[in-house]
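This is what each chain is made of:
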Amino acid sequence: MTEPTPVSSAESEPAIRKATLQAIALLIGVAASVLTLLVYLANTNPLEIWTTALVAGIGWMALWLVRRGYITYMPHLIVYSVLTVASLNVLAFGSVRTAGSFLFVAAVAGAGILLGRAALIGSVVYSVASLGALTLAETRGWLHPPSFAVGTKVWLTHSAVLVVVAILVFYSRSRAKEAFARQMEELQRRKRTELERDRSTERFARIFRTSPSPMLAQSARNGSILDVNPAFERCYGYSRDQVLGHSDHFLWADAEQRKDYLERLFALRHVDQERVTGLRAGGSSFEALISSEMGNDPEDRLIITTVADVSAQTEALERLRRSEERFAKAFNFSPLKMTITRLSDGKFIEVNQARDPVQGLHRKELLGKTTLETGGWLSPAERQTFVERLQREGHLSGYETRMRHVDGQVIDAKMWAELIEIDGEDCVLSCFVNTTEEKRREAQLMELARGMAGQTAEGFFTALTTHMAQVLGADMCAVAELGRSGHLRTLAVWRDGAPAPDFSYSLADTPCGEALNQAELCVVPTQVDQQYVRDQSLVDGGFKAYVGQRLTDDDGRVVGVLNARWRKPISLKPETCALIAIFASRANAELLRLQREREIQRLNATLEERVRLRTAELEKLNAELDSFAYTVSHDLKSPLRAIDGFTRLLDEQLAGRLQPDERHLLDRVLASTARMSGLIADLLALARVSQAHLALQPVDLSALAHDILDQALSRYPGRQVERRIAPDLQTRCDPGLARVALENLLGNALKYTRRRGDTVIELGRNAADGSAAGQLFIRDNGVGFDMAYADKLFKPFQRLHMPSEFEGTGIGLATVRRIMERHGGQIRGHARPGEGATFHFTFDAVAPTLCPPQPVTT
């Protein structure tokens, strides 16, 4: 037989119960009807027939009632009906060993599965009592004798009972599976809930730990702190371990404030953005906004609090408030006319109380109107140009524009504007100044500059007095220079609209004398002719007002005066004084330039004569010095020759008879006479160099150097010298003096390299060291010298080496320098100790031709 399909856990228990009851009722009805027919055919006792018929009726009635939906007490009806039928069946059979006894088991099983505990107990008690009573009756013989014949009736009864029990077991298993499924679903739901709770807890912990705002968790029972986040530690200055388990009273600057806050929190279970004063670990207080949450569950005893440190924000707001207050004061009490207009249409939003120097309009005449309506812009195109530039640059300084005055005049103005934002709308903060007078003064200055441009000396002063009279409206203007006699002499005069002749006048009892005695501007606005009655020019000219400014040099010494005169009283404005200062500054500079130019001319006139006289004196002194040196050297040669001759004669006569010390003294006399002879010869050579006539002609220095070296090396046959002499090195000079110079230079090179086995001597022209184009050089790799003593190189009788090291008189390089100077050239030396020396020299400015040097070994 096919196993019934298990009831899905998704089905409801009432539907399963109804299906089970229908199956049981149907089975009882069918089985009992068939059994009734079999019992009837077997012709047994009537009680058994009626019993089985009663069971069939109960089954069919139960099926009908279940289908009608009456299932609440249907299990009770079936169970107790089956128990009653089972008892009747035992009575009808005559023994408790009848097959009907199985009905007791089926009924109790049904009660245990379909009914509650009380009904189950009742069914068991009923079954036990019934079986006890029937057993007693059978034992006493109160029942008729039973028939234990087995047949279809017994099989059918047992089968029906087994099927009913199977149905009940299946129903019980279905309920168990359904309950298990529900338990599993509940378990999975709880697992998901717990997982979600763990995730929520983890998220909360992560949010709690990483929140930039200070947070703390507290117990609502005693207020102790359960946890704090790192932001709390940074804000309050306490570590987590310092606050855990403690009350939060030490975090409040005001205990009453804490008490009120907690009362509201426990009453509302939620407080948001409450402004309080917190207390840090160091004792400093700060403004904070705190929010606390307890939740809606009365059993929730956890308080989560978030703290926002708004002290910086409060301070910023306070600074903003003070800044706005300062701006409002600066705006409203500024002496400049300031306005705020909308960028979109130029409508005036705010205007301060300052006087309008440009348009002459009052505040109430501007508010609510646009700049185009009030004449702030002469055309929409001008305003559009201004707006585009302002949007591009953000602010404008000194923006030049034109506005229409309330009387209809067009006024020049300068504007300072800044883009600002008010309530999310772009606006323009601007102020204005009237530049009409400034433009006029600029035009006057430009006219003045054009009128005096290119003018110098007297022409400049004439132009200056002309423009000064026109600008100031003066009847007379003059520039005067202070002479050595203490009188003033005019350099230019402009009077009554035309130039006037220059004149001189005394300073006594005149306003010009007063002007020279004070640094500031001297102003006599009226009755000047009555104050200086002895100034005849004032009285005769009918002048009533005077202005004068003294002119000084760089040392503060008075050099002149610039003055203007009027035939009516005057009232000087600041801009007029500024113009006079400009005229005075220009006149002062030009007067100083004129005086310096005169001095230069005077010096130039005498310079050539003084140079000629000085040159003649120097030439005379040089000639006398050279003549003296020549005479002394020539006159010394005769006695020196006699000393040397007699000493040598004495040496020959005493040969072999001198003691060693006498021999030494005689040798020293001979050496000294030889050295003195050399000095005299060098002095004569130096004198000849200074007095000799220059015969300039082209000279091949390369060939001359080879010839000098050949002659010098002929005295030292075994010496090896590497020559690096540039071939065809031509220059224009005196050949005799050139030989003397090269003999000294090359002789020094040979002398100071004699201790080296690899002597190298070079002659060439500087090409790669940045020297002048015509400069020659002689270089050696000898002992060199210390540059600290280079200033002694070219002085007579000055030597840088000891006589015991290298012979010489110290005249050679002085002779070379004199030769170069006579040719208009120069010479200088450079060396390092142990690295050789190089001498750079020129005969004249003509560059010699140069071929690459070729090394030659002699």
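Before reading further, recall that the structure is shown in the block above.
Because the structure is predicted, anything quoted here is derived from the model rather than measured.

Trainee: Help me understand the overall build of the chain in this model?
Mentor: A count of helical and extended segments in the chain gives 23 helices and 25 strands. Out of the 858 residues in the chain, the part that is buried amounts to 38%. Look at the contacts in the chain between residues 6 or more apart in sequence, and 58% of them connect residues 24 or more apart. In the structure as shown, the chain presents an accessible area of about 48,100 Å², 56% of it carried by carbon and sulfur atoms.

Trainee: Whenever I open this one, the pairing of strand β19 (residues 721-725) confuses me. Can you help?
Mentor: On a regular strand, each side chain points to the face opposite its neighbour's, so the side chains alternate between the two faces of the sheet. Along β19, the buried face is formed by V721, R723 and I725; none of E722 and R724, which line the opposite face, is buried. Alignment of β19 against strand β21 (residues 759-765), held across five bridges, turns out to be parallel. Counted as the bridge partner of I725 is L763 from β21.

Trainee: Help me understand the sheet that holds strand β3 (residues 270-279), please; the structure alone is not making it clear to me.
Mentor: Where strands meet in a sheet, backbone hydrogen bonds hold them as pairs that are either parallel or antiparallel. Pairing is antiparallel in the open sheet, where five strands are placed in the order β2-β1-β5-β4-β3. The strands lining the two open edges of the sheet, one partner per strand, are β2 (225-228) and β3. With direction set aside, neighbouring strand axes in the sheet form an average angle of 25 degrees. Along the sheet, helix α9 (residues 255-268) makes contact with β3, β4 (285-293) and β5 (302-309), crossing β3 at roughly 165 degrees.

Trainee: Hey, could you run me through the environment of A671 in this one?
Mentor: Turning to its location among the elements, A671 is positioned in helix α20 (residues 660-691). Separated by 27 residues in sequence, A671 and D644 have C-alpha atoms that sit 9.5 Å apart.

Trainee: Please clarify how a negative patch on the surface should be interpreted in this entry.
Mentor: A contiguous patch of negative charge on the surface is contributed by D254, E256, D260 and E263. Overall, the relative accessible area of 42% leaves D260 in the partly exposed class.

Trainee: Could you clarify how one ought to interpret the state of the cysteines in this entry?
Mentor: Here a disulfide denotes one covalent bond, and it connects the sulfur atoms of two cysteines. If you walk through the whole model with that rule in mind, you get zero disulfides. For C522, which is in no disulfide, the shortest distance to another cysteine sulfur is to C512 and amounts to 8.4 Å. According to the relative accessible area criterion, C522 is buried, its value standing at 4%.

Trainee: Could you clarify how one ought to interpret unusual backbone geometry in this entry?
Mentor: Apart from glycine, the bulk of residues carry a negative phi angle, and the bulk of peptide bonds sit in the trans form. Here Q273, not a glycine, exhibits a phi torsion of approximately 55 degrees, which is positive. With respect to the helices, strands and loops of the structure, Q273 is situated in strand β3. A positive phi angle, close to 55 degrees, is found at D728, a residue other than glycine. Relative to the helices and strands, D728 resides in the loop between β19 and β20 (730-733). The exposure class of D728 is partly exposed, given its relative accessible area of 43%.

Trainee: In this structure, what is going on with the sheet that holds strand β9 (residues 410-422)? I would like to understand it.
Mentor: Overall, antiparallel pairing links the five strands, which are arranged β7-β6-β10-β9-β8 in an open sheet. The sheet is open, and its two borders are formed by β7 (348-351) and β8 (395-404), each paired with just one other strand. Taking each pair of neighbouring strands and ignoring which way they run, the sheet shows an average axis angle of 30 degrees. Packed onto the sheet, helix α10 (residues 311-333) meets β6 (337-342), β7 and β10 (425-434) and runs at close to 115 degrees relative to β6. Across the face of the sheet, helix α13 (residues 380-393) comes into contact with β6, β8, β9 and β10 while running at roughly 170 degrees to β8.

Trainee: Just checking my understanding: could you explain the packing of aromatic side chains for this structure?
Mentor: We describe a pair of aromatic rings using the distance from one ring centre to the other and the angle between the two ring planes. All chains considered together, the criterion is met by 10 aromatic pairs. For the pair W252 and Y261, a centre-to-centre distance of 5.5 Å together with 45 degrees between the ring planes defines the contact as tilted. Comparing W252 with Y261, the two get one shared label, buried. For the ring pair W377 and F386, a centre distance of 4.9 Å and an interplane angle of 40 degrees mean the geometry is tilted. Residues W377 and F386 agree in their burial class; the two are buried. Here the basic side chain of R280 rests over the ring of F286, its NZ or CZ set 4.1 Å away from the ring centre.

Trainee: Looking at this model, I keep getting lost on the nonpolar core. Mind explaining?
Mentor: Side chains that are nonpolar tend, in soluble globular proteins, to be buried together. Formed by 37 residues in total, the largest nonpolar core has its most connected members in L742, L745, L746, I827, F839, F841 and F843. Elements supplying a minimum of two residues to this core: α21 (701-713), β19, α22 (735-751), β21, β22 (776-780), α23 (812-822), β23 (826-831) and β24 (837-842). With sequence-adjacent residues up to four places away left out, F839 is seen in contact with L745, L776, F777, I778, F785, L793, F794, L813, I827, R828 and G829.

Trainee: I'm lost on the packing of α22 against α23 in this one. Help?
Mentor: Helix packing geometry: the angle between the two helix axes and the distance between the axes. The interhelical angle for the contact between α22 and α23, taken along N-to-C directions, is 145 degrees, at an axis separation of 9 Å. Classified by chirality, the crossing of α23 by α22 is left-handed. Taking contact as the criterion, the partners of L737, V740, A741, N744, L745 and N748 in α22 are, on α23, G812, L813, T815, V816, I819 and M820. Split into classes, the residues belonging to the contact of α22 with α23 amount to eight nonpolar, four polar and no charged.

Trainee: How should I be thinking about α9 in this particular structure?
Mentor: In an α-helix, one full turn covers 3.6 residues, which means residues spaced three or four apart are oriented alike. Compared with an ideal rise of 1.5 Å per residue, which puts 14 residues at 20 Å, α9 spans 20 Å between its outermost C-alpha atoms and is within 8% of the ideal. Of the residues making up α9, those classed as buried are R258, Y261 and L265. The buried residues of α9 occupy one face: seen down the axis, they fall within an arc of 65 degrees. On its buried face, α9 sits against β3, β4 and β5. The N-cap of α9, judged by a side-chain oxygen 3.1 Å from the amide nitrogen of E256 a few residues on, is D254. Phi for R269, located one or two positions after α9, is positive at around 65 degrees.

Trainee: Quick question: what am I supposed to make of empty space enclosed by the protein here?
Mentor: The gaps left among the atoms become clear once a water-sized probe is rolled over them. The final tally for this structure, using the stated rule, is two cavities of 30 Å³ or more. Considered as a void within the structure, the largest cavity measures approximately 210 Å³ in volume. Lining the largest cavity we find 22 residues, and of these T339, T341, T371, S430 and F432 sit closest to its centre. Elements with a minimum of two residues in the lining of the largest cavity: β6, α13 and β10. The dominant element in the lining of the largest cavity, judged by the number of residues it contributes, is β6, at four residues.

Trainee: Got a minute to help me understand α21 in this structure?
Mentor: Between the first and last C-alpha of α21 there are 18 Å, a value that for 13 residues agrees with the 18 Å anticipated at 1.5 Å per step. Among the residues of α21, those classed as buried are L701, S702, L704, A705, I708, L709, A712 and L713. With its buried residues spanning 160 degrees around the axis, α21 presents them on a single face. Looking at the buried side of α21, the elements it contacts are β18 (697-700), β19, β20, α22, β21 and β22. Where α21 starts, the residue carrying a side-chain oxygen 3.1 Å from the main-chain nitrogen of S702 turns out to be D700.

Cut-offs used in this document
- Residues numbered from 1 in each chain as written.
- Predicted model: local features only at pLDDT ≥ 70, side-chain atom pairs only at ≥ 80, totals over all residues.
- Heavy atoms only, no water.
- Helix = DSSP H or I, 4+ residues; strand = E, 2+ residues; numbered from the N terminus.
- Buried < 20%, exposed > 50% of the residue type's maximum accessible area, 1.4 Å probe, protein only.
- Contact = heavy atoms within 4.5 Å.
- Areas by Shrake-Rupley, 256 points an atom, 1.4 Å probe, with all protein chains shown as cover.
- Pairing = 2+ DSSP bridges.
- Axes fitted to C-alpha atoms, helices over the stretch in contact; angles between N-to-C directions.
- Patch = residues over 30% accessible without salt bridge, like charges linked within 9 Å, V, L, I, M, F, W, Y side chains within 5 Å.
- Salt bridge = Lys/Arg side-chain N within 4 Å of Asp/Glu carboxyl O.
- Lys, Arg positive; Asp, Glu negative; His and termini not counted.
- Charge placed at Lys NZ, Arg CZ, Asp CG, Glu CD.
- Disulfide = S-S within 2.5 Å.
- Phe/Tyr/Trp six-rings, centres within 6.5 Å; stacked < 30°, edge-to-face > 60°.
- Lys NZ or Arg CZ within 6 Å of the ring centre and 35° of its normal.
- Core = buried A, V, L, I, M, F, W, Y, C linked by side-chain atoms within 4.5 Å.
- Left-handed = near helix turned anticlockwise from the far one by under 90°.
- Nonpolar A, V, L, I, M, F, W, Y, C, P; charged D, E, K, R; others polar.
- Expected span 1.5 Å × (residues − 1).
- Arc of directions from axis to C-beta.
- Polar contact = N/O pair within 3.5 Å; in protein donor to acceptor, adjacent residues only side chain to side chain.
- 1 Å grid on protein atoms, 1.4 Å probe; cavity = no way out; pocket = protein on both sides within 12 Å on 5 of 7 lines; lining within 4 Å.
- Points joined across faces, edges and corners; volume = space filled by probe spheres on them.

By themselves these figures say nothing about function.
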